[in-house]
Amino acid sequence: MSKASNITWHAATVTKADRHSQNGHASCVLWFTGLSGSGKSTIANAVSGELYRQGISEYVLDGDNIRHGLNKDLGFSDYDRTENIRRIGEVAKLFVDSGTIVTTAFISPFRSDRDQVRALFEEGEFIEVFIDCPLEQCEARDPKKLYEKARRGEIKDFTGIDSPYEAPERPEVTIRSDQLSVEEAVQQILQYLQEKNII
Ligand SMILES: Nc1ncnc2c1ncn2[C@@H]1O[C@H](COP(=O)(O)OS(=O)(=O)O)[C@@H](OP(=O)(O)O)[C@H]1O
Ligand SMILES: Nc1ncnc2c1ncn2[C@@H]1O[C@H](COP(=O)(O)OP(=O)(O)O)[C@@H](O)[C@H]1O
């Protein structure tokens with residue numbers, strides 16, 4: 001529900017289809033979801049690097065970075081996580097409208113929040129990429145030592161420890177990051193984009 005009244009939607013002169021034809025590729029959101037330490041940022045940046053190398057218009061929206069700016073008023077309660085994902089979904093939609101392949105790297109632990117974002121997009125534009133890695137492996141990696149802190153009780157509501165993670169039921173792509181190298185993960189995602197004629 002919008003709070004403002006008397007606002008009118010302006011149709012753009014240059015359309016998404018115009019941008020696709022100028023760019024020579026379509027746009028979409030690669031919506032990564034997975035536990036902290038599963039590899040979302042690492043793989044998202046590797047995908048971005050490869051797309052960039054191929055001259056494709058791309059951008060990464062990363063959890064930690066967005067929480068320093070746009071979403072710095074939000075914490076990790078269920079309510080704040082839902083609002084975090086809602087805003088990122090709207091931002092991602094703008095990127096897709098601009099003709100960009102945008103990769104989002106957020107835990108996005110709640111299925112209903114991800115489904116709400118999916119509903120913002122046209123068929124085929126929202127590509128859910130499950131970065132699937134067992135909790136034990138994420139905890140062994142612990143790149144930011146956050147699991148250690150969560151186990152000591154120094155961080156509350158930590159995903160996988162004392163806050164839930166709802167794995168996707170039918171993701172478009174599943175990456176077993178405990179079994180694949182980063183390069184293999186990138187290839188799997190690029191192959192999907194090629195099969196769907198996005199790039
Ligand atoms: N309580 C708690 N639970 C989970 N994660 C935490 C928490 N506190 C801080 N962090 C750090 O914040 C990153 C997750 O932010 P997200 O915006 O991706 O989270 S969410 O989608 O709103 O659940 C997450 O980054 P990643 O490790 O890249 O996933 C953590 O570094
Ligand atoms: N196959 C892999 N894919 C992704 N990351 C991996 C892989 N193998 C080891 N790692 C390491 O795991 C860690 C994942 O951290 P990060 O990308 O920040 O995850 P997230 O963004 O999901 O929290 C990094 O230190 C990365 O080098």
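Residues numbered from 1 in each chain as written. Chains lettered and ligands numbered in written order. Predicted model: local features only at pLDDT ≥ 70, side-chain atom pairs only at ≥ 80, totals over all residues.

1. Regarding the site of ligand 1
The criterion, for reference: In this entry, near means the residue's backbone-placed C-beta atom lies within 6 Å of the molecule or strand. For the purposes of this entry, the term helix denotes a DSSP run of H or I that reaches at least four residues, the term strand denotes a run of E that reaches at least two, and both are numbered from the N terminus. Polar here means any residue other than Ala, Val, Leu, Ile, Met, Phe, Trp, Tyr, Cys and Pro, which are nonpolar, and Asp, Glu, Lys and Arg, which are charged; Gly is therefore polar.
Contacts to ligand 1 come from 22 residues, most closely from S36, G63, R81, F106 and I107. Where the shell around ligand 1 is concerned, the elements lending two or more residues are α2 (40-53), α3 (63-66) and α4 (78-97). Taken together, the residues of the shell around ligand 1 break down into eight nonpolar, eight polar and six charged.

2. Comments concerning the UniProt feature "binding site: ATP" (unreviewed entry) in the chain
Which entries qualify depends on this criterion: UniProt positions are given in the numbering used here, feature names are shortened, and annotations may be inferred rather than shown by experiment. We call a residue exposed when 12 or fewer other C-beta atoms sit within 10 Å of its C-beta, buried when the count reaches 20 or more, and partly exposed for counts in between; the C-beta positions come from the backbone. Here the contact rule is simple: place C-beta atoms from the backbone, and any two residues whose C-beta atoms are within 7 Å are in contact.
Mapped onto this numbering, the UniProt entry annotates "binding site: ATP" (unreviewed entry) at G34, L35, S36, G37, S38, G39, K40 and S41. Relative to the elements of secondary structure, G34 occurs in the loop between β1 (28-33) and α2. Here G34 falls in the buried class, since 27 other C-beta atoms lie within 10 Å of it. The contact partners of G34, leaving out residues within four places of it in the chain, are K40, I107, F130, I131, D132 and C133. Within the fold, G39 resides in the loop between β1 and α2. With sequence-adjacent residues up to four places away left out, G39 is seen in contact with I131, C133 and S177.

3. Brief notes about the site of ligand 2
The local shell around ligand 2 holds 17 residues, among which G39, K40, S41, T42 and P143 are the closest. Elements that contribute at least two residues to the shell around ligand 2 include exactly α2 and α8 (182-195). Here the residues of the shell around ligand 2 are counted per class, giving six nonpolar, nine polar and two charged.

4. Quick look at the packing of α4 against helix α5 (residues 111-118)
Let me state the cut-off plainly: In this description, a line fitted to the C-alpha atoms serves as the axis of each element, helices being fitted only across the stretch in contact, and the angle between N-to-C directions of two axes falls anywhere from 0 to 180 degrees. Roughly parallel means an angle under 35 degrees; roughly antiparallel means over 145; roughly perpendicular covers 65 to 115; every other angle is labelled oblique. By definition, turning the near helix anticlockwise from the far helix through less than a right angle yields a left-handed crossing, and turning it clockwise yields a right-handed one.
Where α4 contacts α5, the axes come no closer than 9 Å and their chain directions differ by 20 degrees. The angle between α4 and α5 falls in the class roughly parallel. For α4 against α5, the interelement crossing comes out right-handed. Where α4 approaches α5, its residues T82, I85, R86 and G89 are matched on the opposing element by D113, Q116 and V117. Grouping the constituent residues of the contact of α4 with α5 by class yields two nonpolar, three polar and two charged.

5. Focus: the packing of α2 against α8
Between two packed helices, both the angle of their axes relative to each other and the distance between the axes serve to describe the pair. Here α2 crosses α8 at 60 degrees, and the two axes come no closer than 9 Å. Here α8 runs oblique to α2, going by the angle between their axes. Relative to α8, α2 is oriented so that their crossing is right-handed. Where α2 approaches α8, its residues T42, I43, A46, V47 and E50 are matched on the opposing element by V182, A185, V186, I189 and L190. Of the residues that constitute the contact of α2 with α8, the class distribution is eight nonpolar, one polar and one charged.

6. Considering unusual backbone geometry
The phi dihedral of N6 falls on the positive side, at around 60 degrees, and the residue is not glycine. C-beta crowding within 10 Å serves as the criterion here: with 4 such atoms nearby, N6 is assigned to the exposed category. Despite not being glycine, D142 shows a phi value in the positive range, around 30 degrees. In this fold, D142 is placed in the loop between α6 (135-141) and α7 (146-151).

7. Details of the UniProt feature "domain: APS kinase" (unreviewed entry) in the chain
Feature annotation in UniProt places "domain: APS kinase" (unreviewed entry) on residues 27-175, given in this structure's numbering. From the first C-alpha to the last, residues 27-175 spans 21 Å; its make-up is 40% helix and 17% strand.

8. A short note on the confidence of the model for the chain
Short version of the rule: A residue's pLDDT is the confidence the predictor assigns to it, expressed on a 0 to 100 scale.
Averaged over the chain, the pLDDT score is 96; the fraction of residues at 70 or greater is 99%. With pTM at 0.97, the complex prediction returns an ipTM value of 0.98.

9. Considering the sheet that holds strand β3 (residues 101-105)
Stated precisely, the cut-off is as follows: A pair of strands counts as paired when DSSP detects no fewer than two bridges linking them.
Overall, parallel pairing links the five strands, which are arranged β2-β3-β1-β4-β5 in an open sheet. Every other strand in the sheet has two partners, leaving β2 (58-62) and β5 (173-176) as the edge strands with one partner each. Across the sheet, the axes of successive neighbouring strands diverge by a mean angle of 20 degrees, strand direction being ignored. Both β1 and β3 contribute to a ladder of five bridges, which runs parallel. Considered in β3, the bridge of W31 is made with T104.

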